[in-house]
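Each chain is listed here by its residues.
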Amino acid sequence: MAITIKNEKEIEKMRRAGHVVSECHVRVARAISPGVTTGDLNALVRDTIKELGATSNFYGHQGFPGYICASVNDQIVHGIPGKRVLHEGDIIAVDIGAIVDGFHGDSAWTYPVGEISADAERLLRDTEAALYEGIAAARAGNHLGAIGHAVEAYAAPRGYGIVKGYGGHGIGRQMWEEPHIPNVGDADRGIILRKGMTVAIEPMLNLGDEATRVLGDQWTVVTADRSWSAHFEHTVLITNGDPEILTPRLVGVVQ
Ligand code: MG
Ligand code: MG
């Protein structure tokens, strides 16, 4: 299915969905500390989505049992929340989604648990920066490939393993719409981006090799070499100027 152009009413619904996701991230950021379980964070997001009058797009999706994906340390994406206890020095990628009036928001952030190593700090900082490089390339008139190209141009020279096979996507009436948006690519390939398109951009970078494998739970994607991995994602509206982040970080609240 070709990526759809949203009208103003639809965009407003996506903004509202995005804000629900952002508010969930605010509360998750406050809650993360040593001793908390990934299941605690899952319950917090479940309750927040309900409180804000939205519904979850993660829970039950292809049988997924959580309201968040919680991916710790060498886990890249799609970690199932549960009994795992967070420890000082861990990093945890929390991916959150919500639906408002039939439209979806989707945003992931990787958080430190207490004090983390210098390598882990660098990984978080650079993966976040790679996300904003990708977002900056998501402009009307650019090819879709400009997004992955921008992420790759930032991440590859810094020595990270860039995860392939998982990545961004169109988003709107469904969480995962065409096209797939890889985190590598040629800037002159793919469809031409237009005002009103909405996309989720989500680099995943590894401190080690790019190779991945899926655990026996059939969901959790980990690095094959057990190196640590980070994941940052925003839902973004393409405009004729700067892209609009529909899942803005509500900074100032998260302290
Ligand atoms: Mg996501
Ligand atoms: Mg996504």
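Whatever comes next refers back to the structure up there.
So, here's what we can say about the structure.

The rules behind the values
- Residues numbered from 1 in each chain as written.
- Chains lettered and ligands numbered in written order.
- Predicted model: local features only at pLDDT ≥ 70, side-chain atom pairs only at ≥ 80, totals over all residues.
- Heavy atoms only, no water.
- Donors = N, O, S within 2.8 Å, 3.2 Å for Na, K, Ca; no water.
- Helix = DSSP H or I, 4+ residues; strand = E, 2+ residues; numbered from the N terminus.
- Buried < 20%, exposed > 50% of the residue type's maximum accessible area, 1.4 Å probe, protein only.
- Contact = heavy atoms within 4.5 Å.

A few words now on the coordination of the magnesium ion (ligand 2). Coordination sphere of the magnesium ion (ligand 2), protein contribution only: Asp106 (OD), His169 (NE2), Glu202 (OE) and Glu233 (OE), at 2.0 to 2.2 Å. When the donor residues of the magnesium ion (ligand 2) are listed from N- to C-terminus, their spacing reads D-x62-H-x32-E-x30-E. In this structure, the magnesium ion (ligand 2) lies 3.2 Å away from the magnesium ion (ligand 1), the two metals sharing Asp106 as a donor. Of this pair, Asp106 sits in strand 4 (residues 103-112) while Glu202 is found in the loop between strand 8 (198-201) and strand 9 (204-206), placing the two residues 96 residues apart along the sequence. Asp106 sits in the buried class, given a relative accessible area of 2%.

Perfect tetrahedral coordination of a metal by four donors corresponds to 109.5 degrees between them, and perfect octahedral coordination by six donors corresponds to 90 or 180 degrees. At 2.1 to 2.4 Å from the magnesium ion (ligand 1) lie its protein donor atoms, namely Asp95 (OD), Asp95 (OD), Asp106 (OD) and Glu233 (OE). Mapped onto the sequence, the donors of the magnesium ion (ligand 1) take the spacing D-x10-D-x126-E. By relative accessible area, which is 9% here, Asp95 ends up buried. Residue class for Glu233 comes out buried when judged on its relative accessible area of 0%.

Our focus in this paragraph is the environment of Lys13. Following the sequence through the fold, Lys13 ends up in helix 1 (residues 8-31). When the C-alpha positions of Lys13 and Val100 are compared, they lie 6.3 Å apart, and in sequence the two are 87 residues distant. Aside from chain neighbours lying at most four places away, what touches Lys13 is Val100, Asp101 and Phe103.

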